Amino acid sequence: RAPRLPRHAFLSFDLAFPLPGGVVAAKKVASGLIDGFPASDQLYLVTFDSQHGMDQQLGPVRDRVGRHVLRERIEGLQPNVERLRRRVDLPSVAGIGNRSDGGLMSDTYNAGHNLALGEYAAQGAALADGLRSFATFLRQLPGPKVLLFFSQGIDSDIYGGQYAASKGRDRHGNLRSAFEPALHGLAETGAMVLFVDPL
């Protein structure tokens, strides 16, 4: 039998959109997987965060020493200092109208609320762009490939989920239109793509 072709294996971490504890859980799972990859696999560490976008941190790693370094780098990963807040994280506006300054407080709250939603949506679009660029990179690599993307996903309410539907509008973009080209691009690379939510 012909020798097995080396495989490119990418461990990729979403550090911009994690739920509390999500990065800790993802690091634990990923560290446990490293020794399970065949010795012929070439391992990579890729991260996405708000400051650097999609960034290759390490790789290709081919030997035991390199895998030890990879595990140490994974252990050192931290989420963005200012974690992007999901809709459920934002404060409630309930009761503001019962105060004499309710109108001003409501306007201030709504402005801040919409700013937070807009920031979240912009970072979501940046993640979609990063995945699309990463797909272009993967297409250029010969041989078999696997991508494990550790993430708790994106808050669909901000992209036109049930909340936007109930309001009859989609104020901050559309999740499907933002990510569909990126996901199609990843599918066309021929890589095995696994989205991993360890929570």
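Residues numbered from 1 in each chain as written. Predicted model: local features only at pLDDT ≥ 70, side-chain atom pairs only at ≥ 80, totals over all residues. Heavy atoms only, no water.

A. A look at unusual backbone geometry. A cis amide bond links G59 with the next residue in sequence, P60, at an omega value of 0 degrees. By the secondary structure assignment, P60 is in strand β3 (residues 53-61). (Helix = DSSP H or I, 4+ residues; strand = E, 2+ residues; numbered from the N terminus.)

B. Examining the side chain of Q152 more closely. Mapped onto the fold, Q152 is located in the loop between β4 (145-150) and α4 (162-167). Only 3.2 Å separates the side chain of Q152 from the backbone nitrogen of L19, close enough to count as a polar contact. (Polar contact = N/O pair within 3.5 Å; in protein donor to acceptor, adjacent residues only side chain to side chain.)

C. Here's a closer look at the sheet that holds strand β5 (residues 192-196). Read across the open sheet, the five strands follow the order β3-β2-β1-β4-β5; overall the sheet is mixed. On the outer flanks of this sheet lie β3 and β5, each paired with one strand and no other. Here the strands of the sheet are splayed against their neighbours by 15 degrees on average, with no regard to which way each runs. In this sheet, strand β2 (residues 42-49) lies alongside strand β1 (residues 8-14) in parallel orientation, the contact comprising seven bridges. Each residue of the ladder has a partner; that of F10, found in β2, is Y44. Running at roughly 155 degrees to β3, helix α2 (residues 64-75) makes contact with β1, β2 and β3 of the sheet. (Pairing = 2+ DSSP bridges. Axes fitted to C-alpha atoms, helices over the stretch in contact; angles between N-to-C directions. Contact = heavy atoms within 4.5 Å.)

D. Examining the side chain of S12 more closely. Residue placement: S12 occurs in strand β1. With near-sequence residues (within four places) excluded, S12 lies in contact with V46, M54, L147, L148, F149 and F150.

E. Local environment of α2. Taking 1.5 Å per residue as the helical rise, α2 with its twelve residues ought to reach 16 Å, and the 17 Å between its terminal C-alpha atoms agrees with that figure. Listed as buried for α2 are G66, R67, L70 and I74. Down the axis, α2 shows its buried residues gathered within 100 degrees of arc, on one side only. In this structure, α2 carries R64 and V65 as exposed residues pointing more than 90 degrees from its buried face. Buried-residue contacts for α2 involve β1, α1 (22-34), β2 and β3. (Expected span 1.5 Å × (residues − 1). Buried < 20%, exposed > 50% of the residue type's maximum accessible area, 1.4 Å probe, protein only. Arc of directions from axis to C-beta.)

F. Spatial organisation of α1. When the terminal C-alpha atoms of α1 are compared, their 19 Å separation across 13 residues agrees well with the 18 Å that a helix rising 1.5 Å per residue should span. Taken together, the buried positions of α1 are occupied by G22, V23, A25, A26, K27, A30, S31 and I34.

G. A look at the packing of aromatic side chains. Applying the stated criterion across every chain, the model contains seven aromatic pairs. Taking 4.2 Å as the distance between ring centres and 15 degrees as the angle between the ring planes, the aromatic pair formed by F10 and Y44 counts as stacked. Placement of the pair is F10 in strand β1 and Y44 in strand β2, with a sequence separation of 34 residues. Exposure remark for Y44: the relative accessible area of 5% places this residue in the buried category. A ring pair is formed by F10 and F137, whose centres lie 6.1 Å apart and whose planes are at 85 degrees; its orientation type is edge-to-face. Taken together, the positions of F10 in strand β1 and F137 in helix α3 (residues 102-139) put the pair 127 residues apart, joining distant regions of the chain. For F137, a relative accessible area of 29% gives the class partly exposed. An aromatic cluster is defined as three or more aromatic residues linked by ring pairs; in this entry it consists of F10, Y44, F134 and F137. (Phe/Tyr/Trp six-rings, centres within 6.5 Å; stacked < 30°, edge-to-face > 60°.)

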